[in-house]
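# Commentary on secondary and tertiary structure
The primary structure of each chain is shown beneath.
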Amino acid sequence: MKKVMMAVLLLTAFVVKGWACTNFIVGKNASTDGSVIVSYSADSYGMFGYLYHYPAAQHEKGAMRDIYDWDSGKYLGQIKEAEQTYNVIGNMNEFQVTIAETTFGGRPELVNPSGIMDYGSLIYVALQRSRTAKEAIKVMTDLVKEYGYYSSGESFSIADPNEAWIMEMIGKGPDMKGAVWVAVRIPDDCISAHANQSRIRKFDMKDKDNCLYSPDVISFAREKGYFDGLNKDFSFADAYCPLDFGGLRACDARVWSFFNMFNSTMEAYLPYIKGESTEAMPLYIKADRKLSVRDIQKAMRDHYEGTPLDITKDLGAGPFNTPYRLSPLTFKVDGQEYFNERPISTQQSAFTFVAQMRSFLPDAVGGVMWYGLDDANMTVYTPVYCCTDKVPHCYAEGEGDCVTFSWNSAFWIYNWVADMIRPRYSLMIEDMRAVQNGLEDTYATAQSGVEAAAVKLMETDEKAAKDFLTNYTGMAAQ
């Protein structure tokens, strides 16, 4: 009966958390080279993966901008356009500001169908208007205050070369503009993560340097009956996204797996992930060692290997130890309902990246979005420099779509390779891994030389340096 109840709760959670993504965050003093690192996997069934680009532009005073829901394409309304917008490639802008997300859903009654700003539009509009992470937070919160928030609850990773934040936001209900939100800065010597479950619980309301929040984040919860304690005991997650078993096992478990890779004490939280303990994981932790971009790329390929949740070892893995499961993740046998684990890496990814931001280099050189299409496990992360103003042909929109195959589309090439490997996973994965590692090691080895040449070129001709990095981005992708 326990398994049935858990599976039902899990199924309910998946209905709410349909857009299932994963983010990792590494502070600059927690990385091997002083980089701030943010990773993202955009996991969505039927989503076609390609590299977004918004060129820098000047706009006439009074110009308006159409807003379309990122998930559905539905027209939501118009907002005032900024007079100056910045170059954005993927989820990073020319000043190395990076924004990623995961959807936690939260209380469904707080969705505002008349809001104009959905979570995807918030990301890409803020990237076009922000020079720092804090400025991006202000842009995003000002936009929802003026135009209303259309989406359900979201966790955002917002970072620049100096700091990284997690901001969690949820609307106020039908026809109510604004949102309730809180943003917490991740300490420079720590790592953090979120994966479709609200992670900010108690926060220090007096620490204005490291904690920002909407003025009514607590009073609104009181008004709605979500909270009735002392202010010091207020938990954003408990009020606006009450935890269920699905939030634990399908969402926080991914955070735990990431933490467990780099901190030897995290096994103590396994009972929490299993639903056997109420002691929640902290928002951020210190790793046992400093982490590199390559460490985070590898972490994005995780299927709980080597842990009690390892899906390459259970019956569903079959004779070839496959870490992939059909969806939905719940199923019935003899009237009993069961579930499969939801790992970090999954077959329904549209795209994935590991963003590297460095304050000790010029912005055009310091910001690199290591980008891949389809499943992180079987993609190749290639360097996309933040000054790039031309999308590589194989990463471009228009080469195929979610139902139209194209040999010119990297998304479809990666899908094709993955589909060849999955039926005989254990027999074939190491052959793919050798090619994958060889390519990624080549890019990593070449990085210092490429960047040294770009920095030197910037001393005399900044445009030539940016063109050089744009061309290198295209060559690596192709």
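Look up a bit, the structure's there.
On a predicted model such as this, the values are computed, not experimentally measured, just so you know. (Residues numbered from 1 in each chain as written. Predicted model: local features only at pLDDT ≥ 70, side-chain atom pairs only at ≥ 80, totals over all residues. Heavy atoms only, no water.)

## Quick look at the overall build of the protein
- For the protein, the helix and strand inventory stands at 12 helices and 21 strands.
- Compactness check: the protein gives a C-alpha radius of gyration of 22 Å against a globular reference of 23 Å for 478 residues, within 12% of the reference.
- Counting only C-alpha atoms and orienting by the principal axes, one finds that the protein spans roughly 70 × 55 × 45 Å.
- The 478 residues of the protein split such that 58% are buried.
- Summarising the internal contacts of the protein: among those between residues at least 6 apart in sequence, 71% fall at separations of at least 24.
- One finds the centroid of the 46 positive side-chain charges in the protein at a distance of 4 Å from the centroid of its 61 negative side-chain charges. (Helix = DSSP H or I, 4+ residues; strand = E, 2+ residues; numbered from the N terminus. Rg over C-alpha atoms; globule rule 2.2 N^0.38 Å. Buried < 20%, exposed > 50% of the residue type's maximum accessible area, 1.4 Å probe, protein only. Contact = heavy atoms within 4.5 Å. Lys, Arg positive; Asp, Glu negative; His and termini not counted. Charge placed at Lys NZ, Arg CZ, Asp CG, Glu CD.)

## Digging into the pairing of strand E1 (residues 22-26)
- Counting buried positions along E1 gives 5 out of 5 residues, so the element sits mostly inside the fold.
- Neither face of E1 is left uncovered, since the one carrying Thr 22, Phe 24 and Val 26 and the one carrying Asn 23 and Ile 25 both have all their residues buried.

## Thoughts on the packing of aromatic side chains
- If you walk through the whole model with that rule in mind, you get 31 aromatic pairs.
- Taking 5.3 Å as the distance between ring centres and 45 degrees as the angle between the ring planes, the aromatic pair formed by Tyr 52 and Tyr 124 counts as tilted. Within this pair, whereas Tyr 52 is found in the loop between strand E2 (36-43) and strand E3 (53-54), its partner Tyr 124 is found in helix H2 (residues 119-129), the two being separated by 72 residues in sequence.
- Of the residues examined, Tyr 124 reaches a relative accessible area of 3% and is grouped as buried.
- Lying over the aromatic face of Phe 220, Lys 172 brings its terminal NZ or CZ to 5.8 Å of the ring centre.
- Positioned above the aromatic ring of Tyr 324, the side-chain terminus of Arg 422 is 4.7 Å from the ring centre. (Phe/Tyr/Trp six-rings, centres within 6.5 Å; stacked < 30°, edge-to-face > 60°. Lys NZ or Arg CZ within 6 Å of the ring centre and 35° of its normal.)

## Quick notes on helix H12 (residues 462-477)
- Here H12 spans 23 Å end to end across 16 residues, near enough to the 22 Å set by a 1.5 Å rise per residue.
- Structurally, H12 contributes buried residues whose contacts are with helix H9 (363-366), strand E21 (382-385) and helix H11 (425-458).
- Of the residues that open H12, the one with a side-chain oxygen 3.4 Å from the backbone nitrogen of Lys 463 is Asp 461. (Expected span 1.5 Å × (residues − 1). Polar contact = N/O pair within 3.5 Å; in protein donor to acceptor, adjacent residues only side chain to side chain.)

## Looking at empty space enclosed by the protein
- This structure, assessed with the given rule, holds 2 cavities of 30 Å³ or more.
- As a volume, the second largest cavity reaches approximately 30 Å³.
- Along its surface, the second largest cavity is lined by Ser 198, Arg 199, Arg 201, Asp 252, Tyr 272 and Met 281.
- Looking at the lining of the second largest cavity residue by residue, the classes come out as 2 nonpolar, 1 polar and 3 charged. (1 Å grid on protein atoms, 1.4 Å probe; cavity = no way out; pocket = protein on both sides within 12 Å on 5 of 7 lines; lining within 4 Å. Points joined across faces, edges and corners; volume = space filled by probe spheres on them. Nonpolar A, V, L, I, M, F, W, Y, C, P; charged D, E, K, R; others polar.)

## Description of the packing of H2 against helix H3 (residues 133-147)
- The contact between H2 and H3 brings their axes to 9 Å, and the two run at 130 degrees. Considering their axes alone, H2 and H3 lie oblique with respect to each other. Relative to H3, H2 is oriented so that their crossing is right-handed. Contacts between H2 and H3 involve Leu 122, Val 125, Ala 126 and Arg 129 from the former and Glu 135, Ala 136, Val 139, Met 140, Leu 143 and Val 144 from the latter.
- Along the lines of polarity and charge, the residues of the contact of H2 with H3 split into 8 nonpolar, no polar and 2 charged. (Axes fitted to C-alpha atoms, helices over the stretch in contact; angles between N-to-C directions. Parallel < 35°, antiparallel > 145°, perpendicular 65-115°, else oblique. Left-handed = near helix turned anticlockwise from the far one by under 90°.)

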